[in-house]
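# Fold and geometry: a report
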Amino acid sequence: MRRTCVLVVLLTLVLTGCSGGSGGSGSGSGGAEAEPSPERVGEWWRPRPGLDWQWQLTGRLDTTVDVPVYDIDGFHHSKETVDALHRDGRKVVCYLSTGAWEDFRPDADDFPRSVIGRGNGWEGERWLDIRRTDVLEPLMAERLDMCRDKGFDAVEPDNMDGYRNRTGFPLTAADQLRYNRLIARLAHDRGMAVGLKNDLDQIPELVGDFDFAVNEQCAQYGECERLTPFVEAGKAVFHAEYELPTARFCAGSRRLELSSLLKRWSLDAWRRTC
């Protein structure tokens with residue numbers, strides 16, 4: 001589906017990048033909602049390929065890992081923690097689940113039962129009905145306000161591929177594109193970068209909306225080359241494996257310019273790098 005290039009005026013005339021694209025990706029996406037979006041212009045951080053990173057979502061935070069990027073749980077950590085990481089020269093990513101309800105979060109009771117679906121395989125978590133943006137947009141806006149107010153530089157929104165899973169709702173690829181772009185817009189409106197978590201099938205449509213990618217196990221499943229559009233666009237791919245030794249994926253990661261780690265499933269402080 002062809003689309004028209006758009007001139008966006010932000011204070012002064014700024015010419016945004018504009019490229020033609022196809023609305024179909026083999027995932028069944030289509031219709032007006034599935035059209036690619038132009039790159040947004042803003043002052044948020046834009047991580048480049050090859051940056052080393054630490055991903056820790058559980059346990060006492062180890063702030064001694066000498067890397068430029070930390071990805072940590074947005075609810076668990078305070079502004080003081082983020083500020084301390086900034087003083088050490090780190091950029092800090094706010095992990096949030098935007099596609100699943102979690103019964104252990106302080107805002108869990110704010111989600112009506114009508115938008116909560118099947119379990120997603122993790123204890124206390126259930127898929128959300130992402131079609132219900134009337135309900136979810138204000139809830140996610142509050143979560144992203146929290147990340148902004150704590151000083152995070154970016155957001156890692158998790159569970160962004162519900163349409164490929166048994167959620168309890170008849171979600172389509174177009175529903176997912178619409179919702180993922182909503183989350184990206186909410187982050188950008190707050191001056192934060194935003195990463196596309198997994199959702200490999202929709203990378204061609206979404207690479208222009210997101211500033212980096214976060215991927216799990218692309219080497220184990222032979223999928224890492226599908227992340228190339230992010231690298232070609234000058235955007236980092238933060239990648240983690242859980243079950244392969246580094247000898248099995250590091251050579252490929254270096255070739256593809258991925259920022260790769262070996263982590264435990266618990267995502268505690270332990271890490272091995274390429």
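Summarised in this report is the structure supplied together with it. Note that the structure is predicted; figures quoted are calculated from it, not measured.

Mapping Asp201 onto the fold places it in the loop between β10 (193–197) and α4 (203–206). Separated by 26 residues in sequence, Asp201 and Leu227 have C-alpha atoms that sit 9.9 Å apart. At 2.4 Å, the side chain of Asp201 forms a polar contact with the side chain of Arg226.

Turning to the sheet that holds strand β5 (residues 91–97), a few remarks are in order. Sheet architecture is open: nine strands sit in the order β3-β4-β5-β9-β10-β11-β12-β13-β14, paired in mixed fashion. Of all the strands in the sheet, just β3 (53–56) and β14 (272–273) have a single pairing partner and so form its edges. Pairing of strand β12 (residues 237–241) with strand β13 (residues 259–262), which is carried by four bridges, proceeds in the parallel orientation. Looking at β13, one finds that Ala240 is bridged to Leu261. Along the sheet, helix α3 (residues 173–189) makes contact with β9 (154–158) and β10, crossing β10 at roughly 160 degrees.

Core analysis: the biggest nonpolar cluster contains 56 residues, and Leu96, Phe111, Leu128, Leu136, Phe152, Phe210 and Phe230 have the highest contact counts within it. A per-element tally of this core places α3 first, with eight residues.

It is worth spelling out the sheet that holds strand β7 (residues 116–119) at this point. Pairing in this open sheet of three strands is antiparallel, and the strands run β6-β8-β7 from one edge to the other. Edge positions in the sheet fall to β6 (100–102) and β7, since each has one partner strand and no second. Recorded for the sheet is a direction-independent mean angle of 45 degrees between the axes of neighbouring strands. Pairing of β7 with strand β8 (residues 125–128) involves two bridges; the strand directions are antiparallel. Its bridge partner lying in β8, Gly119 is registered against Arg126.

Within this structure, the stated rule accounts for six aromatic pairs. Consider the rings of Trp53 and Phe238, whose centres lie 5.2 Å apart with planes at 40 degrees: the pair is tilted. With Trp53 in strand β3 and Phe238 in strand β12, the pair connects residues that are 185 residues apart, well separated along the chain. Accessibility classification places Trp53 together with Phe238 in one group, the buried group. The interplanar angle of 45 degrees and the centroid separation of 6.5 Å between the aromatic rings of Trp122 and Trp265 together place this pair among those described as tilted. With Trp122 in the loop between β7 and β8 and Trp265 in the loop between β13 and β14, this residue pair connects regions lying 143 residues apart in the sequence. Exposure remark for Trp265: the relative accessible area of 41% places this residue in the partly exposed category. In this arrangement the basic side chain of Arg113 is found over the ring face of Trp101, its NZ or CZ atom lying 5.8 Å from the centre.

Calculation notes
- Residues numbered from 1 in each chain as written.
- Predicted model: local features only at pLDDT ≥ 70, side-chain atom pairs only at ≥ 80, totals over all residues.
- Heavy atoms only, no water.
- Helix = DSSP H or I, 4+ residues; strand = E, 2+ residues; numbered from the N terminus.
- Polar contact = N/O pair within 3.5 Å; in protein donor to acceptor, adjacent residues only side chain to side chain.
- Pairing = 2+ DSSP bridges.
- Contact = heavy atoms within 4.5 Å.
- Axes fitted to C-alpha atoms, helices over the stretch in contact; angles between N-to-C directions.
- Core = buried A, V, L, I, M, F, W, Y, C linked by side-chain atoms within 4.5 Å.
- Buried < 20%, exposed > 50% of the residue type's maximum accessible area, 1.4 Å probe, protein only.
- Phe/Tyr/Trp six-rings, centres within 6.5 Å; stacked < 30°, edge-to-face > 60°.
- Lys NZ or Arg CZ within 6 Å of the ring centre and 35° of its normal.

Just distances and angles here, no functional claims.
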